[in-house]
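Coordinate inspection notes
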Amino acid sequence: MNQSLTGHHGTDHSDRFGGIGSTALLSGAVGFGLGVAAMLGRRVAVQAPTMAAGDWLDGLKREHKMTLGLLDALEQTGPDETKKRAALLFQLQHALGKHAVQEEDIIYCAVRDHGASDQADDLNHDHGYVKQHLYDLEQMDKGDPQFADKVRELRSLIKEHVEREETDVLAKLHSQLSDDQNRALTRRMNREGMKVG
């Protein structure tokens, strides 16, 4: 018998994993591997539209457009469509969560590095209010007549934030960077998005 599986009295310890044999261990490892692959596949799928843009600013613009589209769909729901409202809100929370991580952890840091700390702080501050609105919407009864008003407030806040980013702060950053720097920032942003996708 293999010495590594026997004790000093010749006892078989191949069952030392609480009765789990090597086949079960192998199955568990394969299952874990498939789970990781599925998770990575989901993350790639979520990040794919942003990555397909090919440039960090274009990727963020695509995400902005998608977010406004989700808000429009949410605003058009009625008080009797509580399940649809909950589903759209969940989708919006997920999209904005990923988007915020990309901007806060990568893009706004680059903005600060290029001399616009106050603007980066203002944009980051806006994110706090967006998160508060999302929290408030989640807490509300989805049949509440005020739900649509709260969605409109959030859309207005996001639209103003997006316009400031796309036409001013982020547009300036993009023009300040070389092609190589923009490519590097794109890679970093997409990698960050993959972490939470």
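This text follows the structure it describes.
How each quantity is defined
- Along each chain, residues carry numbers from 1 onward, in the same order as the chain's sequence is written.
- Confidence filtering applies because this is a predicted model: local features only for residues at pLDDT of at least 70, side-chain atom pairs given and counted only at 80 or more, and all residues used for totals across whole chains, interfaces and linings.
- Hydrogens are left out, water is left out, and the side-chain values use all remaining heavy atoms of the structure.
- Structural elements are reduced to axes, namely lines fitted to C-alpha atoms, with helices fitted over the stretch in contact, and the angle between N-to-C directions of any two is expressed from 0 to 180 degrees.
- A helix here means a DSSP run of H or I that spans at least four residues, while a strand means a run of E at least two residues long, and both kinds are numbered starting from the N terminus.
- An angle below 35 degrees is read as roughly parallel, one above 145 as roughly antiparallel, one from 65 to 115 as roughly perpendicular, and any other as oblique.
- Note: crossing handedness is left-handed where the near helix turns anticlockwise from the far helix by less than a right angle, and right-handed where it turns clockwise.
- Only Asp, Glu, Lys and Arg are considered charged, only Ala, Val, Leu, Ile, Met, Phe, Trp, Tyr, Cys and Pro nonpolar, and every remaining residue, Gly among them, polar.
- Here a residue-residue contact requires only that any non-hydrogen atoms of the pair lie within 4.5 Å.
- Exposure classes here rest on a 1.4 Å probe applied to the protein chains alone. A residue is buried below 20% of its type maximum, exposed above 50%, and partly exposed in between.
- Basic side-chain nitrogens of Lys or Arg form a salt bridge, by our definition, when they fall within 4 Å of a carboxyl oxygen of Asp or Glu.

The next thing to look at is the packing of helix H2 (residues 56-75) against helix H5 (residues 147-176). Between H2 and H5, whose axes approach to 10 Å, the crossing angle comes to 170 degrees. Relative to H5, the element H2 lies roughly antiparallel. As H2 packs across H5, the resulting crossing turns out to be left-handed. Split by residue class, the contact of H2 with H5 holds 15 nonpolar, three polar and eight charged.

Glancing now at the packing of helix H3 (residues 82-113) against H5. For the pair H3 and H5, the least separation of the axes is 13 Å and the interaxial angle reads 25 degrees. Our classification of the angle between H3 and H5 gives roughly parallel. Here the hand of the crossing between H3 and H5 comes out left-handed. Residues Arg 85, Leu 92, Leu 96, Glu 103, Ile 107, Tyr 108, Ala 110 and Val 111 of H3 pack against Phe 147, Ala 148, Leu 154, Ile 158, His 161, Glu 165, Val 169, Leu 170 and Leu 173 of H5. Partitioned by chemical class, the residues of the contact of H3 with H5 number 13 nonpolar, one polar and three charged.

Turning next to the environment of Lys 98. Here Lys 98 is to be found in helix H3. For Lys 98, a relative accessible area of 6% gives the class buried. As for Lys 98 and Val 196, which are separated by 98 residues in sequence, their C-alpha atoms are 5.8 Å apart.

Note that side chains of opposite charge can pair when their charged atoms are close. Within the structure shown, the criterion is met by 13 salt bridges. Note that Asp 72 is salt-bridged to Arg 155, the shortest N-O span being 2.5 Å. A residue pair is termed long-range when its members are at least 10 positions apart, and Asp 72 in helix H2 and Arg 155 in helix H5 qualify at 83 residues. Among the residues examined, Asp 72 registers a relative accessible area of 27% and is labelled partly exposed.

With that out of the way, let us pick up the side chain of His 161. Tracing the backbone shows His 161 in helix H5. When its relative accessible area of 5% is taken as the criterion, His 161 is described as buried. Excluding anything up to four places from it in sequence, His 161 contacts Glu 103, Tyr 108, Leu 123, Asp 126 and His 127.

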